[in-house]
Every structure is written in structure tokens, then in C-alpha cells.
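# Structure assessment
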Amino acid sequence: MLQTKSNNSTPTTQKEQLDLSIVVPIYNEAESLSLLIEAIANAVTITHLNYEIICVDDGSTDGSTKILTDLATQRSDLKAVILRRNYGQTPAMAAGFENARAKAIITLDGDLQNDPADIPLLLDKLNEGYDLVSGWRKQRQDAALTRLLPSKIANWIIGKVTGVKIHDYGCSLKAYRSELVADMNLYGELHRFLPALAYIEGARITEIPVRHHPRRYGNSKYGLGRTIRVVMDLLTVFFMKKFLTKPMHVFGFWGLISLISGILMGLYLTVVKLVMGQNIGDRPLLILSVLLILTGIELFSFGLLAELLMRTYHESQKRPIYRVREVVQ
Ligand code: UDP
Ligand code: MG
């Protein structure tokens, strides 16, 4: 099957301008690999774009690494990035983004669940002027109870919290403009929140329905345990979206409320003790007052520290607190 290699594929050493980088994280997908790369090449060849496929081997232990390096030495359109160990899907994708050189970037899974034939559709949509086009697995082929239901709930909550109204956050098949990718920093398992992170960077986002197939080979790398991690990541993203450049607004506000109510209660108790001469040692209000004052001071100090950290974060990397789409003269 390998002879159908695209004739306009670009050797990765050549300094020619690339149109499209396709990033695929690979963790133990040995059986899928050659089929996958062939399918991607076939799908992209019809668009006559100069493309590169970047497969990131995320510490596979099933022989995927060998298959991938062999394929990469045979094909000029394939670049294999081999990570030292298994880091997870987010770091694997970040490594792929780092190596991508084209102006448009496509990501998809390495298990053949996404259909490379959808790539041209995503690119068309991207060319309409969007910065991110997300795939929507309208007919998703995964287990109903353990996968589809949690995912439905998660997508609803994520949409509500982040303000990005798309149906399917979990779909890896997406198209990006490379400037956007360069602005986003990925940590933990934040690949699921790329649309939300993109939204924070001011991206124009849309979605189109894409095909989805059942997993043919190997097993999914995730179980139900990811639900909890998604919730934690969601909190991070929510905070980043709302308060990244003004943490004092959240910590300071609640700190102030707590401090003021604590002090008021304390004053009331002082009056009760000094003016009315009553004993206040056994009053629950006393404990509440002390608790609120301490919490208030703590939240306030947190806010100040967060302000300092935020300034270091932006200024150390010369990271602007705004993003310019274009300047017209
Ligand atoms: N993957 C990876 N590193 C990991 C786990 C997964 O690179 O630690 C890759 C995996 O090979 C696949 C993609 O991420 O290409 C999505 O994984 P999977 O298909 O298991 O997730 P699901 O489709 O079940 O959500
Ligand atoms: Mg999959």
C-alpha cells in the first residue's frame, strides 16, 4: 500500500513553505499506524497542499516506535518525534505543535477513530476565516454508559463554564491556525480544553460534524477516572478565563467581605463585653468572628501573591495581556 505515497509530499528537510502540518499522538497503536498514515496521505493528496505528518510517539511499548521510525525513514512526508517516555496525550500534542511548521495545523487521534477524509472539510472551514475548527462526533461510536453519557454531561458543563458553545470538546480532530497554537500553553490534560484556551486568546471558533468509527485495534487509554480530572482542569480553565490578569478581583473581594464581617462581629462582641458587661467567652459568634478575620487576611494575602505571580508569568515571557488580530493602516 505504501506505493501510493503522495507525489507532492514535502521532504521535511526542505525549506519549502508548508501548507499543512498534521499532528498525531501515538501511544501503543502498532496495528493502526501504517493504515493511518496511508489514509491521511490519501486524504490530503487530493487537496494538492504541501503537507507533513508529525507522529509523536508517546513512549509506546508495543512496537509502535519501531514501526514509526521505519515508516519515517521511508516516507518523505512523515516526521516521527519519539518521546523518551509516556507523558500523556497533552504533552504529546504539545511536542507535535512544537515541531509543526505549516500555517495550518490539523490534529487527530492515532487509533483510526477519526476519519482523515474529514481533513479537507475542516480546512475549508478554517479558510472561511476561523482560527479553530473543531470536529463534532455527531454519531459517536463509543460505549453509551461509560463514555457517551459522561461526555454529554461534561460537554454541557464545559460549555456553560467556559462560554464556548460547541457540542464535542473531546473530539481530537481539529484544525488550527498556527499563530493560535503558538499562543496557547498546554499543561496537564488540557488538550480537552483547547477550544476554551483558544477562546481565552480571542480565537474565532466553530465546529463541523465529522465521522467517527469504533476503535479497531488496541484499547482506549482512558477510563471513567478521567471525569474527575476533567472537573479539576475545568476549574483551572475557568479561573484562567475569568481572573488570570486580575486575581485580586476574586481573592481580594471575598477576602474583604470575610474580613469586614469578622471585624463587625468582633466589634459587636466587644460592646457586649465592655458596655453591657456580659460574658462572651462561650459565644459561637466569637469563634466565627475569629475565623472570618483569619480567612479574610489569608484570602487577601493570596490575592497579593497571585498578582505578583501573574506579573512574573506575563513579564518573564514578555507575554502580552491582549492579542492583536490585525493592524490596519
Ligand atoms: N495517547 C497518547 N498518550 C497517552 C494516551 C493516549 O499519545 O498517554 C494518544 C492515543 O494513542 C490516541 C489518542 O491519544 O491516538 C487518544 O487516545 P484514546 O483513543 O485512547 O482516547 P479515546 O478516543 O478513547 O478518548
Ligand atoms: Mg480513541
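Residues numbered from 1 in each chain as written. Chains lettered and ligands numbered in written order. Predicted model: local features only at pLDDT ≥ 70, side-chain atom pairs only at ≥ 80, totals over all residues. Heavy atoms only, no water.

Further remarks concern the state of the cysteines. One pass over the structure, following the stated rule, counts zero disulfides. Distance from the sulfur of Cys55, which forms no disulfide, to the nearest cysteine sulfur (Cys171) is 17 Å. (Disulfide = S-S within 2.5 Å.)

Glancing now at the site of ligand 1. Close to ligand 1 lie 18 residues; Glu29, Asp58, Asp111, Ser220 and Lys221 are nearest. The contact in question runs from an oxygen atom of ligand 1 to an N or O atom on the side chain of Arg215, over 2.9 Å. Burial of ligand 1 by the protein chains amounts to 95% of its free accessible area of 530 Å². Along the lines of polarity and charge, the residues of the shell around ligand 1 split into four nonpolar, six polar and eight charged. (Near = heavy atom within 4 Å. Polar contact = N/O pair within 3.5 Å; in protein donor to acceptor, adjacent residues only side chain to side chain. Areas by Shrake-Rupley, 256 points an atom, 1.4 Å probe, with all protein chains shown as cover. Nonpolar A, V, L, I, M, F, W, Y, C, P; charged D, E, K, R; others polar.)

A few words now on the packing of helix α1 (residues 33–45) against helix α2 (residues 64–74). Where α1 meets α2, the closest approach of the two axes is 10 Å, and the angle between their N-to-C directions is 35 degrees. Facing α1, whose interface residues are Leu33, Ser34 and Ile37, α2 presents Ser64, Ile67, Leu68 and Leu71. Looking at side-chain class alone, the contact of α1 with α2 contains five nonpolar, two polar and no charged residues. (Axes fitted to C-alpha atoms, helices over the stretch in contact; angles between N-to-C directions. Helix = DSSP H or I, 4+ residues; strand = E, 2+ residues; numbered from the N terminus. Contact = heavy atoms within 4.5 Å.)

With mixed pairing, seven strands are arranged side by side in an open sheet as β3-β2-β1-β4-β6-β5-β7. A strand with exactly one partner marks an edge of an open sheet, and here the two such strands are β3 (78–82) and β7 (205–210). Sheet twist, expressed as the mean angle between neighbouring strand axes with direction ignored, is 20 degrees. Sheet topology places strand β5 (residues 132–137) next to β7; six bridges connect them, and they run parallel. Bridge pairing in β7 links Ser134 to Glu207. Across the face of the sheet, α2 comes into contact with β1 (20–26), β2 (51–57) and β3 while running at roughly 145 degrees to β3. Along the sheet, helix α4 (residues 119–127) makes contact with β1, β4 (104–107), β5, β6 (174–177) and β7, crossing β5 at roughly 140 degrees. (Pairing = 2+ DSSP bridges.)

In this section: the pattern of salt bridges. Counting across every chain of the model gives 19 salt bridges. Arg215 is the partner of Glu29 in a salt bridge, and the nearest nitrogen-oxygen pair spans 3.0 Å. Here Glu29 is found in the loop between β1 and α1, whereas its partner Arg215 is found in the loop between β7 and α8 (226–243), with 186 residues between them in sequence. Of the residues examined, Glu29 reaches a relative accessible area of 6% and is grouped as buried. Between Asp131 and Arg177 there is a salt bridge, with its nearest N and O atoms 3.4 Å apart. Here Asp131 is found in the loop between α4 and β5, whereas its partner Arg177 is found in strand β6, with 46 residues between them in sequence. (Salt bridge = Lys/Arg side-chain N within 4 Å of Asp/Glu carboxyl O. Buried < 20%, exposed > 50% of the residue type's maximum accessible area, 1.4 Å probe, protein only.)

Let's shift gears to the pairing of β2. Across the seven residues of β2, seven count as buried, placing the element largely inside the fold. Of the two faces of β2, the one carrying Tyr51, Ile53, Cys55 and Asp57 and the one carrying Glu52, Ile54 and Val56 are both buried. Relative to β2, β1 is paired through seven bridges, and the arrangement is parallel. Considered in β2, the bridge of Leu20 is made with Tyr51. In the classification by handedness, the crossover that spans β1, the intervening α1 and the parallel β2 is right-handed. Sheet topology places β2 next to β3; five bridges connect them, and they run parallel. (Right-handed = clockwise from strand over helix to strand, strands pointing away.)

This paragraph deals with the nonpolar core. Residues Phe97, Tyr176 and Phe193 are the most contacted members of the largest nonpolar core, which totals 32 residues. Elements that contribute at least two residues to this core include exactly β2, α3 (89–99), α6 (178–183), α7 (194–200) and α8. Those residues in contact with Phe193, other than ones at most four positions away along the chain, are Ile158, Val230, Asp233, Leu234 and Val237. Leu20, Ile26, Ile37 and Leu122 belong to the second-largest nonpolar core, a separate cluster that totals 31 residues. (Core = buried A, V, L, I, M, F, W, Y, C linked by side-chain atoms within 4.5 Å.)

This brings us to the packing of aromatic side chains. In total, this model carries five aromatic pairs according to the counting rule given. Geometrically, the ring pair formed by Phe97 and Tyr176 is edge-to-face, given 5.6 Å between the ring centres and 75 degrees between the ring planes. With Phe97 in helix α3 and Tyr176 in strand β6, this residue pair connects regions lying 79 residues apart in the sequence. Judged by its relative accessible area of 12%, Phe97 is buried. Relative accessible area serves as the criterion here: at 0%, Tyr176 is assigned to the buried category. (Phe/Tyr/Trp six-rings, centres within 6.5 Å; stacked < 30°, edge-to-face > 60°.)

Just distances and angles here, no functional claims.
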